Structure formats: structure tokens, C-alpha cells
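Here's the letter readout for the chains.
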Amino acid sequence: METRSEDIGKASFFSTICTERCGGICCDPWWGIISYSVTKHGGLSNLQGFRDELVKGIKARGRRIVEAYMTNETPPRPLFESPERYNVIVRGIDVNGSSVTLNLLAMFAFRCGFLSEGKSCSIHPSLSGGKEIRPPHCGYTGSPEARPDEKGYCRVIHAGIPGDGLAVDNAVKAERAASRSHLSNGVASPEEAADRVIDALREHCSMRAPHPYPQQKASAPGRNDPCHCGSGKKFKKCHG
């Protein structure tokens, strides 16, 4: 199948590329991605409490995606239930005195309830008589007018615009590999995702000195004192 430039804007363009060539990679699974920052005050004391905050934040952002992706009809229907996998990546850690700020990228893998076993979207306008009932964000996906890094840009769709079948195949392979990698690197619960964030924070701080914590002790900690990094271990078993 070759896609000509005059096909842009026609319903058949999206349905052919998405179902016959791509196989709904962007919807199987569908990835919800949110970038945000969270700050831990008081250094590395009470990491358990900070972990609980991380879990709460991850759950809230997952719910936000579920609530945002509803069909545009009466009554509206949700596209997703709960995330299948969670992949929270620490993109940066900034320390300012006893405050630690984490820059996070939260990735949620969802299974869309409107994607068939044949990877066809049952609410896609090309398959529903031209009526658009998809959520706005969903409708932006694969926009031929979108440029790289703009909302709605799809590498597979744009690879097909010049009619280069090989370019489409290569784009599909790249997208599929990236999706599989994120899925395999994900975890099954917000709690596991938060644990990974805490582990990354501990690793970051263990390689830097001085470690941020509320109040510097005048004397070195005793061997049996709790370690200042917040691990819960004795100093002699951790940074001692």
C-alpha cells in the first residue's frame, strides 16, 4: 500500500496506515505520559513517608488520565480502567540545602477497551461513519498537519506521506521496539514504581557528600546509630 499526499485528510488514510500497516502500536498499549516534579523537605529523613507521598502522586496521575479519556457522547464511556504497567523514570535530582527535588517522568500503560483483537479502533471516525466521539487528545494522534515535537505528531503516519512503504515499516519497527522496552521495564503497581524512585534517590545521594539531612551532627555518627541516608540500617551496615 502506498499513501499519496492527496490522501491526507481522508478517513481511509488513517484507517489503512493504523490498522493494516501499524497495527495500532500507539494503542496497544496506549501510553499516558506525565512529567512533574516533587520536593522532599528535611533531607533524607523519613523516606517511608516520602515513599507514601510518591505512591499517592502516581495513583492520582493515573486516575487523572482515566478521567480525561472519555468518549464524547451521552453518556460518556471510559477508554481505560486502571494502568497495566507503571514506569516512573527519575530524570533529574536537585539538592538545595536540606530539600531534594526529583524531576520525574511517569509513564502509564493502558489497554483501551475500544481496541479490538484485530487492532482496530471501534470508535475511530473512519470506522464509525465519520462521527468523532474520541476524546480530544485521542483525536489528535496521527495528525498529518503536526510537525515533530508537536501535539499529535506520529512518525508512522508521516513516514507514509511520501508513499515510502519501507519508511513505514522501519517506523513501525522502531515504535514497536520502544513500546516493548517501556512495557518490559515497567512494574505492576504504584508501590513498586515508588520503590524504584526511592532506590534512585538513595543511589544518587550515596555517591555525593555531604548527604542532605535536616541537621548536621557535630560529631560522627556511632556505628550502631541509624544511617543518615535514611535507609533504616545501622551506620556500620550502610555508609560506615
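Below: a short report on this structure. Here the structure is a predicted model, which means the values were calculated and not measured. (Residues numbered from 1 in each chain as written. Predicted model: local features only at pLDDT ≥ 70, side-chain atom pairs only at ≥ 80, totals over all residues. Heavy atoms only, no water.)

### Examining helix α5 (residues 165-185)
Right, so step 1: When the terminal C-alpha atoms of α5 are compared, their 30 Å separation across 21 residues agrees well with the 30 Å that a helix rising 1.5 Å per residue should span.
Right, so step 2: Buried within α5 are the following residues: V168, A171, V172 and S179. End-on view of α5: buried residues confined to an arc of 100 degrees, all on one side of the axis. Along α5, the residues that are exposed and aim more than 90 degrees away from the buried face are L166, K173, R180 and S184. (Helix = DSSP H or I, 4+ residues; strand = E, 2+ residues; numbered from the N terminus. Expected span 1.5 Å × (residues − 1). Buried < 20%, exposed > 50% of the residue type's maximum accessible area, 1.4 Å probe, protein only. Arc of directions from axis to C-beta.)

### Description of the pairing of strand β3 (residues 99-110)
Consecutive side chains of a regular strand alternate in pointing toward one face of the sheet and then the other.
Right, so step 1: In terms of burial, β3 is a largely internal element, ten of the twelve residues being buried.
Right, so step 2: The pairing of strand β1 (residues 30-40) with β3 spans eleven bridges and is antiparallel. Looking at β3, one finds that S35 is bridged to L105.
Right, so step 3: Between strand β2 (residues 85-96) and the antiparallel strand that follows it, β3, lie two residues; G97 among them carries a positive phi value of about 65 degrees. (Pairing = 2+ DSSP bridges.)

### Side note on the packing of aromatic side chains
Right, so step 1: Using the criterion set out here, one finds six aromatic pairs in the structure.
Right, so step 2: An angle of 45 degrees between the planes, with centres 5.6 Å apart, marks the rings of Y69 and F80 as tilted. Here the residue Y69 occupies a position in the loop between α2 (47-68) and β2, and F80 occupies one in the loop between α2 and β2, the gap between them amounting to eleven residues. An identical accessibility class is assigned to Y69 and F80; each is buried.
Right, so step 3: With a centroid separation of 5.8 Å and 75 degrees between ring planes, the pair formed by Y86 and F108 is classed as edge-to-face. Placement of Y86 in strand β2 and of F108 in strand β3 is noted, with a sequence separation of 22 residues between them.
Right, so step 4: Take Y86: its relative accessible area is 10%, and that puts it in the buried class.
Right, so step 5: Exposure remark for F108: the relative accessible area of 0% places this residue in the buried category.
Right, so step 6: Through a chain of ring-to-ring contacts, three or more aromatic side chains come together here, namely W30, Y69, F80 and F110.
Right, so step 7: Against the face of Y36 rests R61, its NZ or CZ located 3.5 Å from the ring centre. (Phe/Tyr/Trp six-rings, centres within 6.5 Å; stacked < 30°, edge-to-face > 60°. Lys NZ or Arg CZ within 6 Å of the ring centre and 35° of its normal.)

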